[in-house]
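Inside the fold
Here's the letter readout for the chains.
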Amino acid sequence: MRNKVILTGDSPTGNLHIGHYFGSIKKRIKYQKKNKLFIIIADNQAFSNKRSISSINRNVLSIVIEYLAIGIKARYSNIFLQSKIPELSVFNTIFLNFVNYNFLLKNPTIKNEISIKKNDKNLGFVTYPVSQAADILSFKADYTIVGKDQTSIIEQVNIIANRINRFFDFSFFKKCKIIKGRKDIILGIYGRNKMSKSLNNSIDFRMNREFLSKTVRKIFTDPNRIHKNQKGNHKNNMVFKYLSLLNYFDIDNLKKKYSKGYISDLSVKKILEEELFFFINPIRKKILEYEKNLDYILEVIKNGTKVSRNLVIKTLESFKNKIGFNFF
Ligand code: TRP
(Lines give C-alpha, C1' and ligand atoms only; values in the text may rest on other atoms or scores of the structure.)
Protein backbone atom coordinates (compact mmCIF):
# COMPACT_ATOMS: atom_id res chain seq x y z
CA MET A 1 0.00 0.00 0.00
CA ARG A 2 1.36 3.39 -1.05
CA ASN A 3 0.37 7.03 -1.09
CA LYS A 4 -2.95 6.49 0.60
CA VAL A 5 -4.46 8.96 3.02
CA ILE A 6 -4.87 7.30 6.40
CA LEU A 7 -6.71 9.03 9.20
CA THR A 8 -6.52 7.43 12.59
CA GLY A 9 -6.22 8.54 16.17
CA ASP A 10 -7.26 8.36 19.77
CA SER A 11 -9.14 10.18 22.38
CA PRO A 12 -6.69 11.56 24.99
CA THR A 13 -8.18 9.88 28.02
CA GLY A 14 -5.25 8.13 29.63
CA ASN A 15 -2.01 6.29 29.16
CA LEU A 16 -1.47 4.09 26.16
CA HIS A 17 -1.41 0.39 26.83
CA ILE A 18 -0.56 -2.76 24.93
CA GLY A 19 -4.17 -3.00 23.73
CA HIS A 20 -3.68 0.25 21.83
CA TYR A 21 -0.43 -1.04 20.43
CA PHE A 22 -1.69 -4.37 19.11
CA GLY A 23 -5.11 -2.95 18.26
CA SER A 24 -3.90 -0.08 16.09
CA ILE A 25 -0.54 1.59 16.67
CA LYS A 26 1.54 -1.29 15.36
CA LYS A 27 -0.15 -0.93 11.96
CA ARG A 28 0.24 2.84 12.01
CA ILE A 29 3.96 2.36 12.37
CA LYS A 30 3.92 -0.14 9.54
CA TYR A 31 2.14 2.20 7.11
CA GLN A 32 3.53 5.59 8.14
CA LYS A 33 6.48 5.70 5.77
CA LYS A 34 4.87 5.05 2.41
CA ASN A 35 1.49 6.70 2.99
CA LYS A 36 0.07 9.96 4.26
CA LEU A 37 -0.67 9.31 7.87
CA PHE A 38 -2.73 11.72 9.94
CA ILE A 39 -3.23 11.04 13.63
CA ILE A 40 -6.00 12.87 15.42
CA ILE A 41 -5.89 13.54 19.13
CA ALA A 42 -9.61 13.78 19.71
CA ASP A 43 -9.73 16.19 22.63
CA ASN A 44 -13.23 17.42 21.78
CA GLN A 45 -14.35 13.84 22.00
CA ALA A 46 -12.55 13.32 25.30
CA PHE A 47 -14.53 16.19 26.74
CA SER A 48 -17.75 14.27 26.08
CA ASN A 49 -16.69 12.01 28.96
CA LYS A 50 -16.72 15.12 31.13
CA ARG A 51 -13.14 14.85 32.17
CA SER A 52 -11.56 18.01 33.43
CA ILE A 53 -10.00 20.13 30.73
CA SER A 54 -6.72 20.14 32.60
CA SER A 55 -6.58 16.35 32.58
CA ILE A 56 -7.44 16.27 28.88
CA ASN A 57 -4.63 18.73 28.19
CA ARG A 58 -2.19 16.67 30.21
CA ASN A 59 -3.26 13.57 28.32
CA VAL A 60 -2.70 15.29 24.98
CA LEU A 61 0.95 15.77 25.79
CA SER A 62 1.35 12.34 27.28
CA ILE A 63 -0.24 10.52 24.36
CA VAL A 64 1.99 12.29 21.84
CA ILE A 65 5.02 11.42 23.93
CA GLU A 66 3.89 7.82 23.98
CA TYR A 67 3.29 7.71 20.22
CA LEU A 68 6.80 8.91 19.56
CA ALA A 69 8.32 6.59 22.13
CA ILE A 70 6.48 3.61 20.64
CA GLY A 71 7.67 4.37 17.10
CA ILE A 72 5.45 6.91 15.34
CA LYS A 73 7.82 9.22 13.49
CA ALA A 74 7.04 12.94 13.38
CA ARG A 75 8.72 13.21 9.98
CA TYR A 76 6.33 10.76 8.36
CA SER A 77 3.08 11.55 10.12
CA ASN A 78 0.97 14.52 11.10
CA ILE A 79 -0.19 14.38 14.67
CA PHE A 80 -2.87 17.00 15.21
CA LEU A 81 -5.27 18.35 17.79
CA GLN A 82 -8.98 18.11 16.99
CA SER A 83 -9.96 21.25 18.90
CA LYS A 84 -7.45 23.31 16.97
CA ILE A 85 -9.19 22.65 13.68
CA PRO A 86 -12.51 24.47 14.10
CA GLU A 87 -13.51 23.57 10.52
CA LEU A 88 -14.03 20.02 11.78
CA SER A 89 -16.81 21.38 13.97
CA VAL A 90 -18.37 23.07 10.95
CA PHE A 91 -18.46 19.73 9.16
CA ASN A 92 -19.88 18.17 12.29
CA THR A 93 -22.70 20.72 12.43
CA ILE A 94 -23.66 20.11 8.81
CA PHE A 95 -23.43 16.33 9.18
CA LEU A 96 -25.69 16.28 12.23
CA ASN A 97 -28.58 17.12 9.91
CA PHE A 98 -28.17 13.76 8.22
CA VAL A 99 -28.23 11.62 11.31
CA ASN A 100 -31.10 10.25 13.29
CA TYR A 101 -30.80 9.93 17.07
CA ASN A 102 -31.93 6.28 17.19
CA PHE A 103 -29.42 5.35 14.53
CA LEU A 104 -26.68 6.52 16.89
CA LEU A 105 -28.06 4.79 19.96
CA LYS A 106 -28.17 1.52 18.04
CA ASN A 107 -24.41 1.56 17.68
CA PRO A 108 -23.06 -1.38 19.77
CA THR A 109 -19.91 0.53 20.75
CA ILE A 110 -21.93 3.50 22.00
CA LYS A 111 -24.28 1.15 23.84
CA ASN A 112 -21.41 -0.64 25.45
CA GLU A 113 -19.60 2.54 26.40
CA ILE A 114 -22.75 3.90 27.99
CA SER A 115 -23.21 0.76 30.05
CA ILE A 116 -19.66 -0.06 31.16
CA LYS A 117 -18.25 3.40 31.52
CA LYS A 118 -21.50 4.82 32.84
CA ASN A 119 -21.34 7.60 30.31
CA ASP A 120 -24.23 9.95 30.45
CA LYS A 121 -26.08 10.27 27.19
CA ASN A 122 -24.99 13.83 26.55
CA LEU A 123 -25.28 14.71 22.90
CA GLY A 124 -21.58 15.32 22.50
CA PHE A 125 -20.99 11.73 23.49
CA VAL A 126 -23.87 10.11 21.64
CA THR A 127 -22.99 11.98 18.46
CA TYR A 128 -19.28 11.26 18.49
CA PRO A 129 -19.64 8.99 15.44
CA VAL A 130 -20.82 12.09 13.56
CA SER A 131 -17.82 14.06 14.67
CA GLN A 132 -15.70 11.08 13.68
CA ALA A 133 -17.35 11.25 10.26
CA ALA A 134 -16.28 14.89 10.10
CA ASP A 135 -12.72 13.90 11.01
CA ILE A 136 -12.47 11.14 8.45
CA LEU A 137 -14.41 12.66 5.56
CA SER A 138 -12.77 16.05 5.72
CA PHE A 139 -9.45 14.35 4.99
CA LYS A 140 -11.03 12.24 2.26
CA ALA A 141 -9.28 9.39 3.97
CA ASP A 142 -8.85 6.16 2.05
CA TYR A 143 -8.24 4.20 5.21
CA THR A 144 -8.51 4.34 8.93
CA ILE A 145 -6.68 2.11 11.36
CA VAL A 146 -8.73 1.24 14.40
CA GLY A 147 -9.21 -1.49 16.95
CA LYS A 148 -12.16 -3.83 16.59
CA ASP A 149 -14.27 -1.86 19.05
CA GLN A 150 -14.27 1.11 16.66
CA THR A 151 -15.38 -0.73 13.52
CA SER A 152 -19.09 -0.12 14.13
CA ILE A 153 -18.34 3.60 14.37
CA ILE A 154 -16.56 3.54 11.00
CA GLU A 155 -19.49 1.67 9.47
CA GLN A 156 -21.73 4.52 10.59
CA VAL A 157 -19.27 7.05 9.19
CA ASN A 158 -19.62 5.39 5.79
CA ILE A 159 -23.40 5.35 6.05
CA ILE A 160 -23.37 9.07 6.83
CA ALA A 161 -21.05 9.76 3.87
CA ASN A 162 -23.34 7.82 1.60
CA ARG A 163 -26.44 9.67 2.79
CA ILE A 164 -24.84 13.02 2.14
CA ASN A 165 -23.61 11.95 -1.28
CA ARG A 166 -27.10 10.76 -2.18
CA PHE A 167 -28.78 13.90 -0.88
CA PHE A 168 -26.62 16.12 -3.06
CA ASP A 169 -26.41 13.62 -5.85
CA PHE A 170 -22.65 13.63 -6.03
CA SER A 171 -19.78 11.45 -4.90
CA PHE A 172 -17.83 14.02 -2.97
CA PHE A 173 -17.10 11.81 0.02
CA LYS A 174 -15.49 8.49 -0.45
CA LYS A 175 -15.83 5.30 1.46
CA CYS A 176 -13.22 4.87 4.14
CA LYS A 177 -11.83 1.36 4.44
CA ILE A 178 -10.83 -0.14 7.74
CA ILE A 179 -7.43 -1.53 8.48
CA LYS A 180 -7.92 -3.62 11.56
CA GLY A 181 -5.05 -3.91 13.97
CA ARG A 182 -6.26 -7.41 14.77
CA LYS A 183 -9.33 -9.53 14.27
CA ASP A 184 -10.07 -9.86 17.97
CA ILE A 185 -10.56 -7.36 20.75
CA ILE A 186 -7.69 -7.27 23.20
CA LEU A 187 -9.09 -8.00 26.60
CA GLY A 188 -7.96 -6.57 29.90
CA ILE A 189 -6.18 -8.51 32.64
CA TYR A 190 -9.41 -9.90 34.10
CA GLY A 191 -10.42 -11.33 30.74
CA ARG A 192 -13.91 -9.82 30.80
CA ASN A 193 -13.89 -6.42 29.09
CA LYS A 194 -11.69 -4.85 26.48
CA MET A 195 -8.43 -3.46 27.79
CA SER A 196 -9.22 0.05 28.88
CA LYS A 197 -7.62 2.57 31.16
CA SER A 198 -10.91 3.55 32.72
CA LEU A 199 -11.64 -0.06 33.68
CA ASN A 200 -8.33 -0.41 35.46
CA ASN A 201 -7.46 -3.56 33.59
CA SER A 202 -4.63 -2.42 31.34
CA ILE A 203 -0.91 -3.03 30.92
CA ASP A 204 0.52 0.41 30.25
CA PHE A 205 3.77 1.44 28.63
CA ARG A 206 4.54 3.67 31.59
CA MET A 207 4.60 0.82 34.10
CA ASN A 208 7.85 0.30 35.95
CA ARG A 209 8.98 -3.17 36.94
CA GLU A 210 7.28 -3.12 40.30
CA PHE A 211 3.96 -1.94 38.94
CA LEU A 212 4.19 -4.36 36.05
CA SER A 213 4.87 -7.21 38.43
CA LYS A 214 1.85 -6.31 40.58
CA THR A 215 -0.33 -6.10 37.49
CA VAL A 216 0.82 -9.44 36.12
CA ARG A 217 0.03 -11.06 39.44
CA LYS A 218 -3.59 -9.96 39.06
CA ILE A 219 -4.02 -11.48 35.59
CA PHE A 220 -6.88 -13.90 35.16
CA THR A 221 -5.74 -17.47 34.49
CA ASP A 222 -7.69 -20.72 34.84
CA PRO A 223 -10.24 -20.19 37.64
CA ASN A 224 -10.61 -23.94 38.21
CA ARG A 225 -6.95 -24.47 38.86
CA ILE A 226 -6.46 -24.34 42.59
CA HIS A 227 -3.25 -26.28 42.92
CA LYS A 228 -0.13 -25.90 40.84
CA ASN A 229 0.14 -29.61 39.99
CA GLN A 230 -3.37 -29.64 38.63
CA LYS A 231 -3.96 -29.70 34.88
CA GLY A 232 -4.50 -26.17 33.63
CA ASN A 233 -6.56 -24.70 30.83
CA HIS A 234 -4.60 -22.33 28.62
CA LYS A 235 -7.64 -21.29 26.60
CA ASN A 236 -9.34 -18.09 27.75
CA ASN A 237 -6.32 -17.70 29.94
CA MET A 238 -5.05 -14.16 29.69
CA VAL A 239 -1.44 -15.07 30.47
CA PHE A 240 -1.33 -17.20 27.33
CA LYS A 241 -3.27 -14.63 25.32
CA TYR A 242 -0.65 -12.00 26.09
CA LEU A 243 2.26 -14.39 25.52
CA SER A 244 0.86 -15.14 22.11
CA LEU A 245 0.44 -11.42 21.32
CA LEU A 246 4.08 -10.99 22.20
CA ASN A 247 5.00 -13.91 19.94
CA TYR A 248 6.63 -15.76 22.77
CA PHE A 249 8.93 -18.26 21.07
CA ASP A 250 8.22 -21.26 23.30
CA ILE A 251 4.47 -20.89 23.66
CA ASP A 252 3.46 -24.31 22.34
CA ASN A 253 5.70 -26.08 24.73
CA LEU A 254 4.50 -23.91 27.60
CA LYS A 255 0.87 -24.65 26.78
CA LYS A 256 1.64 -28.37 26.83
CA LYS A 257 3.35 -28.17 30.20
CA TYR A 258 0.53 -26.08 31.60
CA SER A 259 -2.19 -28.43 30.47
CA LYS A 260 -0.34 -31.37 31.98
CA GLY A 261 0.10 -29.63 35.31
CA TYR A 262 3.89 -29.43 35.05
CA ILE A 263 4.17 -25.71 35.55
CA SER A 264 2.61 -23.37 38.07
CA ASP A 265 0.62 -20.20 37.43
CA LEU A 266 3.31 -18.32 39.24
CA SER A 267 5.99 -19.57 36.85
CA VAL A 268 4.08 -18.78 33.67
CA LYS A 269 3.37 -15.35 35.08
CA LYS A 270 7.07 -14.87 35.72
CA ILE A 271 7.75 -15.66 32.07
CA LEU A 272 5.08 -13.22 30.96
CA GLU A 273 6.41 -10.52 33.27
CA GLU A 274 9.86 -10.96 31.78
CA GLU A 275 8.55 -10.78 28.20
CA LEU A 276 6.42 -7.73 28.93
CA PHE A 277 9.29 -5.99 30.63
CA PHE A 278 11.51 -6.64 27.66
CA PHE A 279 8.89 -5.10 25.39
CA ILE A 280 7.79 -2.18 27.54
CA ASN A 281 10.94 -1.02 29.25
CA PRO A 282 12.79 0.51 26.28
CA ILE A 283 9.60 2.41 25.41
CA ARG A 284 9.19 3.56 28.98
CA LYS A 285 12.73 4.89 28.96
CA LYS A 286 12.07 6.86 25.78
CA ILE A 287 8.89 8.26 27.32
CA LEU A 288 10.93 9.57 30.25
CA GLU A 289 13.40 11.16 27.81
CA TYR A 290 10.69 12.89 25.75
CA GLU A 291 9.10 14.14 28.93
CA LYS A 292 12.14 16.35 29.45
CA ASN A 293 11.55 18.02 26.12
CA LEU A 294 7.99 19.26 26.10
CA ASP A 295 8.86 22.14 23.74
CA TYR A 296 9.67 19.60 21.08
CA ILE A 297 6.41 17.74 21.71
CA LEU A 298 4.44 20.95 21.35
CA GLU A 299 6.27 21.69 18.13
CA VAL A 300 5.30 18.28 16.75
CA ILE A 301 1.63 18.90 17.56
CA LYS A 302 1.68 22.42 16.14
CA ASN A 303 3.31 21.37 12.89
CA GLY A 304 0.99 18.42 12.44
CA THR A 305 -2.03 20.59 13.16
CA LYS A 306 -0.97 23.24 10.66
CA VAL A 307 -0.59 20.80 7.79
CA SER A 308 -3.83 19.04 8.70
CA ARG A 309 -5.86 22.20 9.11
CA ASN A 310 -4.86 23.45 5.66
CA LEU A 311 -6.21 20.29 4.19
CA VAL A 312 -9.50 20.45 6.09
CA ILE A 313 -9.98 24.10 5.12
CA LYS A 314 -9.62 23.12 1.47
CA THR A 315 -12.13 20.29 1.73
CA LEU A 316 -14.63 22.50 3.52
CA GLU A 317 -14.30 25.25 0.93
CA SER A 318 -14.81 22.91 -1.93
CA PHE A 319 -17.71 21.12 -0.17
CA LYS A 320 -19.50 24.39 0.52
CA ASN A 321 -18.96 25.55 -3.04
CA LYS A 322 -20.26 22.30 -4.43
CA ILE A 323 -23.47 22.44 -2.42
CA GLY A 324 -23.84 26.20 -2.89
CA PHE A 325 -23.78 26.92 0.83
CA ASN A 326 -21.62 30.02 0.48
CA PHE A 327 -23.83 33.07 0.71
CA PHE A 328 -20.92 35.46 0.39
N1 TRP B 1 -13.12 7.52 18.50
C2 TRP B 1 -11.72 7.25 18.55
C3 TRP B 1 -11.37 6.67 19.92
O4 TRP B 1 -12.17 6.73 20.82
C5 TRP B 1 -10.87 8.50 18.32
C6 TRP B 1 -11.12 9.13 17.00
C7 TRP B 1 -11.72 10.34 16.78
C8 TRP B 1 -10.79 8.60 15.71
N9 TRP B 1 -11.75 10.61 15.46
C10 TRP B 1 -11.20 9.58 14.77
C11 TRP B 1 -10.19 7.41 15.27
C12 TRP B 1 -11.04 9.36 13.39
C13 TRP B 1 -10.04 7.20 13.89
C14 TRP B 1 -10.46 8.17 12.97
O15 TRP B 1 -10.30 6.18 20.12
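Let us look at the structure shown here. Predicted model only: the values in this text are computed from it and were never measured.

Analysis parameters
- Residues numbered from 1 in each chain as written.
- Predicted model: local features only at pLDDT ≥ 70, side-chain atom pairs only at ≥ 80, totals over all residues.
- Heavy atoms only, no water.
- 1 Å grid on protein atoms, 1.4 Å probe; cavity = no way out; pocket = protein on both sides within 12 Å on 5 of 7 lines; lining within 4 Å.
- Points joined across faces, edges and corners; volume = space filled by probe spheres on them.
- Helix = DSSP H or I, 4+ residues; strand = E, 2+ residues; numbered from the N terminus.
- Nonpolar A, V, L, I, M, F, W, Y, C, P; charged D, E, K, R; others polar.
- Near = heavy atom within 4 Å.
- Polar contact = N/O pair within 3.5 Å; in protein donor to acceptor, adjacent residues only side chain to side chain.
- Areas by Shrake-Rupley, 256 points an atom, 1.4 Å probe, with all protein chains shown as cover.
- Sits in = over half its atoms within 2 Å of the grid points.
- Phe/Tyr/Trp six-rings, centres within 6.5 Å; stacked < 30°, edge-to-face > 60°.
- Buried < 20%, exposed > 50% of the residue type's maximum accessible area, 1.4 Å probe, protein only.
- Lys NZ or Arg CZ within 6 Å of the ring centre and 35° of its normal.
- Core = buried A, V, L, I, M, F, W, Y, C linked by side-chain atoms within 4.5 Å.
- Contact = heavy atoms within 4.5 Å.
- Salt bridge = Lys/Arg side-chain N within 4 Å of Asp/Glu carboxyl O.

Size it by volume and the largest pocket reaches roughly 280 Å³. Residue contributions to the lining of the largest pocket peak at 6 residues, all from helix H11 (residues 238-245). Class assignment of the residues belonging to the lining of the largest pocket gives a composition of 8 nonpolar, 5 polar and 5 charged.

Here the focus is the site of the ligand. Near the ligand there are 15 residues, and of these Leu 7, Gln 45, Gln 132, Asp 135 and Gln 150 occur at the shortest range. In this structure, Gln 45 approaches the ligand through a side-chain N or O atom, which is 3.0 Å from a nitrogen atom. In the model, a nitrogen atom of the ligand is placed 3.0 Å from a nitrogen or oxygen of the Gln 150 side chain. For the ligand, whose unbound accessible area comes to 370 Å², protein coverage reaches 92%. At a threshold of 2 Å from the grid points, most atoms of the ligand map onto the largest cavity.

This part is about the packing of aromatic side chains. Tallying each qualifying case throughout the model produces 26 aromatic pairs. Ring centres of Phe 125 and Tyr 128 lie 5.8 Å apart, and the angle between their planes is 55 degrees; this geometry places the pair in the tilted category. Across the pair, exposure class does not vary: Phe 125 and Tyr 128 are buried alike. An aromatic cluster is defined as three or more aromatic residues linked by ring pairs; in this entry it consists of Phe 91, Phe 95, Phe 98, Phe 167, Phe 168, Phe 170, Phe 172, Phe 173 and Phe 319. In this arrangement the basic side chain of Arg 75 is found over the ring face of Tyr 76, its NZ or CZ atom lying 5.0 Å from the centre. One Lys or Arg, Lys 140, reaches over the ring of Phe 172 and ends 3.7 Å from the middle of that ring.

Looking now at empty space enclosed by the protein. If you roll a probe as big as a water molecule over the atoms, it shows you where there is empty space left. A complete count under the given rule lists 1 cavity of 30 Å³ or more for this structure. Its boundaries defined by the atoms lining it, the largest cavity holds a volume of some 840 Å³. Around the largest cavity, the lining is made up of 47 residues, and of these Asp 10, His 20, Asp 149, Gln 150 and Lys 194 lie nearest the centre. Listed by contribution, the elements that provide at least two residues to the lining of the largest cavity are strand S1 (5-10), helix H1 (18-31), helix H8 (128-137) and strand S4 (143-146). Top contributing element to the lining of the largest cavity by residue count: H1, with 5 residues. Considering only residue class, the lining of the largest cavity consists of 14 nonpolar, 21 polar and 12 charged.

Here the focus is the nonpolar core. Membership of the largest hydrophobic core comes to 57 residues, with the highest contact counts inside it found for Ile 18, Ile 203, Phe 205 and Tyr 242. Examining the composition of this core, we find that 9 residues originate from one element, helix H3 (residues 53-70), more than from any other. Each residue touching Tyr 242, except ones within four places of it in the same chain, is listed here: Ile 18, Leu 187, Gly 188, Ile 189, Met 195, Ile 203, Ile 219 and Leu 272.

For the structure on display, the rule yields 14 salt bridges. The salt bridge involving Arg 206 is made with Glu 291; its shortest N-O contact spans 3.0 Å. Taken together, the residues Arg 206 in the loop between strand S5 (177-180) and helix H10 (209-217) and Glu 291 in helix H13 (residues 265-291) connect sequence positions 85 residues apart. Given the relative accessible area of 32%, Glu 291 is considered partly exposed.

Geometric descriptors of this kind do not, in isolation, establish any biological role.
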